[in-house]
Amino acid sequence: MGISPDFELRPLEEVRRSMVESGVRPEDNEFSRAIIAEREK
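Q: Which parts of the structure should I look at to understand the overall build of the protein?
A: Broken down by element type, the protein carries 2 helices and 0 strands. Summarising its shape, the C-alpha atoms of the protein cover approximately 35 × 25 × 15 Å along the three principal directions. When each of the 41 residues of the protein is scored for burial, the buried share is 0%. As presented, the protein carries roughly 4200 Å² of accessible surface, and 56% of it is formed by carbon and sulfur atoms. Distance from the positive charge centre (7 side chains) to the negative charge centre (10 side chains) of the protein: 5 Å.

Q: It is not clear to me how the pattern of salt bridges should be interpreted in this structure. Could you clarify?
A: Scanning the model with the defined rule gives 3 salt bridges in all. One salt bridge connects R10 with E14, and the closest N-O pair in it is separated by 3.3 Å. Given the relative accessible area of 42%, R10 is considered partly exposed. Note that R16 and E13 form a salt bridge whose closest N and O atoms lie 2.9 Å from each other. With R16 and E13 both in helix α1 (residues 12-21) and 3 residues apart, this pair spans about one turn of that helix.

Q: Help me understand a nonpolar patch on the surface in this model?
A: Residues I3, F7 and L9 make up a contiguous nonpolar surface patch of roughly 420 Å² in combined accessible area. Considering the arrangement of structural elements, one finds L9 in the segment before α1.

Q: Teacher, can you tell me more about the environment of V24 here?
A: Turning to its location among the elements, V24 is positioned in the loop between α1 and α2 (30-39). Residue classification places V24 among the partly exposed residues on the basis of a relative accessible area of 38%. It is 19 Å that separates the C-alpha atoms of V24 and L9, two residues lying 15 residues apart in sequence.

Conventions we followed
- Residues numbered from 1 in each chain as written.
- Predicted model: local features only at pLDDT ≥ 70, side-chain atom pairs only at ≥ 80, totals over all residues.
- Heavy atoms only, no water.
- Helix = DSSP H or I, 4+ residues; strand = E, 2+ residues; numbered from the N terminus.
- Buried < 20%, exposed > 50% of the residue type's maximum accessible area, 1.4 Å probe, protein only.
- Areas by Shrake-Rupley, 256 points an atom, 1.4 Å probe, with all protein chains shown as cover.
- Lys, Arg positive; Asp, Glu negative; His and termini not counted.
- Charge placed at Lys NZ, Arg CZ, Asp CG, Glu CD.
- Salt bridge = Lys/Arg side-chain N within 4 Å of Asp/Glu carboxyl O.
- Patch = residues over 30% accessible without salt bridge, like charges linked within 9 Å, V, L, I, M, F, W, Y side chains within 5 Å.

Quick look at the structure:
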């Protein structure tokens, strides 16, 4: 299905930190903003 057999799940906070370090800003993505907004309700 396109996922490597040696793929390891990482904790969510580690993934978020990695994304930010790579220059990805979740708040700039429309879909992510909707998720963040719902979470903060």
